[in-house]
Amino acid sequence: MPVIPINTPSATYNVTIAPNLLPTLHPRLRKLNPGRPFRPFIITSPNIWALWSKPFLASFKEPPTVLFHPAGERHKRMASVESLAQQLSTAGADRDALLLAFGGGVIGDITGFLAAIYMRGIRYVQIPTTLLAQVDSSIGGKTGVNLAAGKNLIGSFHHPQAVFADTDLLRTLPPPNSAPASRSPSKPASSTTPGSSATWNKTPKPS
């Protein structure tokens, strides 16, 4: 099971890449938070949840609260963040809340930004479901949303506690997105926050 350490000036965490991670999520979350209470909130899209809710919930004794967000770049807006924040508040989320970003890059970016600003910062974990999210957008702590004037103009660096890249999730993607993670390009350390480091095997470009 490859575990890749990410080291930055402000955070240290691991990227775990393996199949069959979803059914072991709750004990992994407990290990991340020894002696600290946490209440998980899942942020995902209806389509992803319809496919993967059963293995996701397998290790939870009590089902977490699930907040749905539509897939797609056009929904990566401040209005979506405000809506999710209101739903968190209505559900009683406090500083013990732990957000679980279960989706592609848009879900990960919005969840990370929400975690950065809700109650001035709470914990979150990335559980990316697309190849690009697993090797790129879930890593490095870059979060944010779009404005009409451009992409990612509002955001923050807020690192996850961990990234769990379950390669089984790639099986339900269309063929262009479902190449094995071992054959995918890996994110170089230079693409994380300044001064950060990571151990990556960068795939050479064809000559």
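Residues numbered from 1 in each chain as written. Predicted model: local features only at pLDDT ≥ 70, side-chain atom pairs only at ≥ 80, totals over all residues. Heavy atoms only, no water.

1. Remarks on the overall build of the protein chain
Alright, step 1. Per the secondary structure count, the protein chain includes 5 helices and 10 strands.
Alright, step 2. Considering the protein chain as a whole, with its 207 residues, one finds that 48% of them fall into the buried category.
Alright, step 3. Considering only contacts within the protein chain whose residues lie at least 6 apart along the sequence, 73% involve residues at least 24 apart.
Alright, step 4. As displayed, the protein chain has an accessible area near 10,400 Å², and 56% of this comes from carbon and sulfur atoms. (Helix = DSSP H or I, 4+ residues; strand = E, 2+ residues; numbered from the N terminus. Buried < 20%, exposed > 50% of the residue type's maximum accessible area, 1.4 Å probe, protein only. Contact = heavy atoms within 4.5 Å. Areas by Shrake-Rupley, 256 points an atom, 1.4 Å probe, with all protein chains shown as cover.)

2. Focus on the pairing of strand β7 (residues 142-147)
One face of the sheet, then the other: side chains in a regular strand alternate in exactly this way.
Alright, step 1. As defined by bridge partners, β7 adjoins strand β8 (residues 150-157) across 5 bridges and the pair is classed as antiparallel. Each bridged residue has a counterpart across the sheet, and for Leu-147 the counterpart in β8 is Gly-150.
Alright, step 2. Once β7 ends, the chain turns through 2 residues before running back antiparallel as β8. (Pairing = 2+ DSSP bridges.)

3. Regarding the side chain of Asn-146
Alright, step 1. With respect to the helices and strands, the residue Asn-146 is situated in strand β7.
Alright, step 2. By relative accessible area, Asn-146 is classed as buried at 7%.
Alright, step 3. If we ignore the near neighbours within four places in the chain, the residues touching Asn-146 are Glu-73, Lys-76, Arg-77, Lys-151 and Asn-152.

4. Things to note about the confidence of the model for the protein chain
Alright, step 1. Chain-level pLDDT for the protein chain is 87 on average; 84% of the residues reach the 70-or-more range.
Alright, step 2. Here residues 178-207 is modelled with pLDDT under 50, and outside its nearest four sequence neighbours on either side it reaches 50 contacts, counting other chains as well. (pLDDT = per-residue confidence, 0-100.)

5. Focus: the packing of aromatic side chains
The geometry of an aromatic ring pair comes down to the distance between the two centres and the angle between the two planes.
Alright, step 1. Overall, the coordinates contain 4 aromatic pairs when judged by the stated rule.
Alright, step 2. Their ring planes at 65 degrees and their centres at 5.4 Å tell us that Trp-49 and Phe-56 sit as a pair that is edge-to-face.
Alright, step 3. Among the residues examined, Phe-56 registers a relative accessible area of 0% and is labelled buried.
Alright, step 4. Where Phe-56 meets Phe-102, the ring centres are 4.7 Å apart and the plane angle is 55 degrees; that geometry is what we call tilted. Of this pair, Phe-56 sits in helix α2 (residues 46-57) while Phe-102 sits in strand β5 (residues 97-103), placing them 46 residues apart in sequence. (Phe/Tyr/Trp six-rings, centres within 6.5 Å; stacked < 30°, edge-to-face > 60°.)

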